[in-house]
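Commentary on secondary and tertiary structure
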Amino acid sequence: MSLLAKLPTPAPDRVDIQLPWSKSHVNRLLLIDALARRNPERLASYCDSNDSRELLLSLHNDKDAVNSGEGATPQRFLLAYRAAMNLPGRIDVSGTMQQRQVGSLVDALNALGADIRTENGYAPIDIRRGIDRFDRVTVDAQRSSQAVSALLLLAPVFPGTKTIHTPGGRVSESYVAFSAGCLEREGIWVETAPDLIRVHPGSYASEASAQTPERDWSAAAFFLSLAVAMPGTDFHFPGLTLPSLQGDARALSYWQPFGLHYRNEAGGITCQCNPDLRRPLPESMDFAAVPDLVPAWIMAASVCTAAQIRLTGTAHLSDKESNRMERMAVGLKAWDIQLFENEGAWI
């Protein structure tokens, strides 16, 4: 049965969508606050995701052995925090995180003087010694940007200029820019280039931060696809803001070919799809900078086009909590829509 058969008839004129807080933003601020030794309860009310709740609890757990749960971000940010604070102990994980590597961040921290050991790059992670310096380090960021973000966020704990080399480039560049933006809101200057990031001298102030999280553009993307399937209906997102630190705010431009337009209204963003504004989709779309938009974008494309489209920049989506592209392919098969891999891209 198609999605369209499930939609309400007639479609409402307007719906209001209360989005969750951006867990990417919450998690970055949780790590910053922990490194700055700020009140751990400041952000508790924003922790409406499992990842954020697990990270909040694990950052303030002083036991030698801590389980960071099923999220990749809690594991990597907790590892960075414990290495920067020189807190020996063991970090374990649950669920599918047991099959996901953390080797690139471990290698970078060990190059900075830590003694951290894993099971061939997998949890459990044993921290025997943290780092006591941060000058320059090289990290592999071709499959995940989280190690880069972790290093960026802990950099201000150490004096001087810190340089992070990322030979071969970085995937999910918008998330690296997100982390850099959080530092800049703390008054710390960050320079970025394709294979290098430089964090200039600066430190986190111990007093309470004025930074608060944004609503989640990644979640909004799925409702934008629903808007494509419900042309003429206003989708209002209270609290969603522009400009945004979140790279996934680019969804507005990625969804524009589907006839989507938006306006600032009543403390949020209102979006609507107008079929008269739709235009042919390009033969190829690149998602290297915004991979989390891929599943929602595919849903929108499946609703309003029968064209063949080549999606690039998706290779690392296989290394998530699931293989996202394969799971999408299984789901779309029920709609008689083919999603398949061909020469490193998905069609």
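One can find the structure itself at the top, above this paragraph.
Residues numbered from 1 in each chain as written. Predicted model: local features only at pLDDT ≥ 70, side-chain atom pairs only at ≥ 80, totals over all residues. Heavy atoms only, no water.

**Quick word on the overall build of the protein chain**
In plain terms, the rule: Labels follow the DSSP assignment, with helices taken as runs of H or I lasting at least four residues and strands as runs of E lasting at least two, numbered in each case from the N terminus. The atom set for the radius of gyration is the C-alpha atoms, and the globule formula is 2.2 Å times the number of residues raised to the power 0.38. Type-normalised accessible area, obtained with a 1.4 Å probe on protein chains alone, sets the label of each residue: buried when under 20%, exposed when over 50%, and partly exposed for intermediate values. A contact between two residues is defined here by any heavy atoms of the two lying within 4.5 Å. The accessible surface values rely on the Shrake-Rupley method and a 1.4 Å probe; as for residues, cover is taken only from the protein chains in view. When charges are counted, neither His nor the chain ends are considered; positive counts come from Lys and Arg and negative counts from Asp and Glu. We put the charge of a Lys on NZ, of an Arg on CZ, of an Asp on CG and of a Glu on CD.
Per the secondary structure count, the protein chain includes ten helices and 16 strands. Taking 20 Å as the expected radius of gyration for a compact globule of 347 residues, we find that the protein chain reaches 21 Å, a close match to that expectation. Its C-alpha atoms give the protein chain principal-axis dimensions of about 60 × 45 × 35 Å. Split into buried and exposed, the 347 residues of the protein chain put 52% on the buried side. By sequence separation, contacts in the protein chain at least 24 residues apart represent 71% of the contacts at least 6 residues apart. When the accessible area of the protein chain is evaluated, it comes to approximately 15500 Å², of which 49% is carbon and sulfur surface. Charged side chains of the protein chain number 33 positive and 39 negative; the gap between the two group centres comes to 2 Å.

**So, the sheet that holds strand β2 (residues 65-67)**
Definition in use: Any two strands with at least two DSSP bridges between them are considered paired. In this analysis an axis means a line fitted to C-alpha atoms, helices contributing only their contacting stretch, and an angle means the value between N-to-C directions, from 0 to 180 degrees.
Reading across from one edge, β2-β3-β5-β4 is the order of the four strands in this open sheet, with mixed pairing throughout. Unpaired on one side and paired on the other, β2 and β4 (115-119) mark the two borders of the sheet. For this sheet, the mean inter-axis angle between neighbouring strands, taken without regard to orientation, is 20°. Here β4 runs beside strand β5 (residues 122-129); their pairing, made up of four bridges, is antiparallel. If you follow E119 over to β5, its bridge partner there is Y122.

**Here we look at the pattern of salt bridges**
Threshold: Every case where a carboxyl oxygen of Asp or Glu lies within 4 Å of a side-chain nitrogen of Lys or Arg is listed as a salt bridge.
Applying the stated criterion across every chain, the model contains 14 salt bridges. E186 serves as the salt-bridge partner of R38, at 2.8 Å between the closest nitrogen and oxygen. Highlighted residues: R38 in the loop between α1 (23-35) and α2 (50-59) and E186 in the loop between α6 (173-184) and β8 (190-193), separated in sequence by 148 residues. Taken as a pair, R38 and E186 share a single burial class, namely buried. Each of the salt bridges in this network shares a partner with another, and the network as a whole consists of R14, D16, D234, R263 and E265.

Everything listed here is a matter of coordinates, which is why it stays silent on function.
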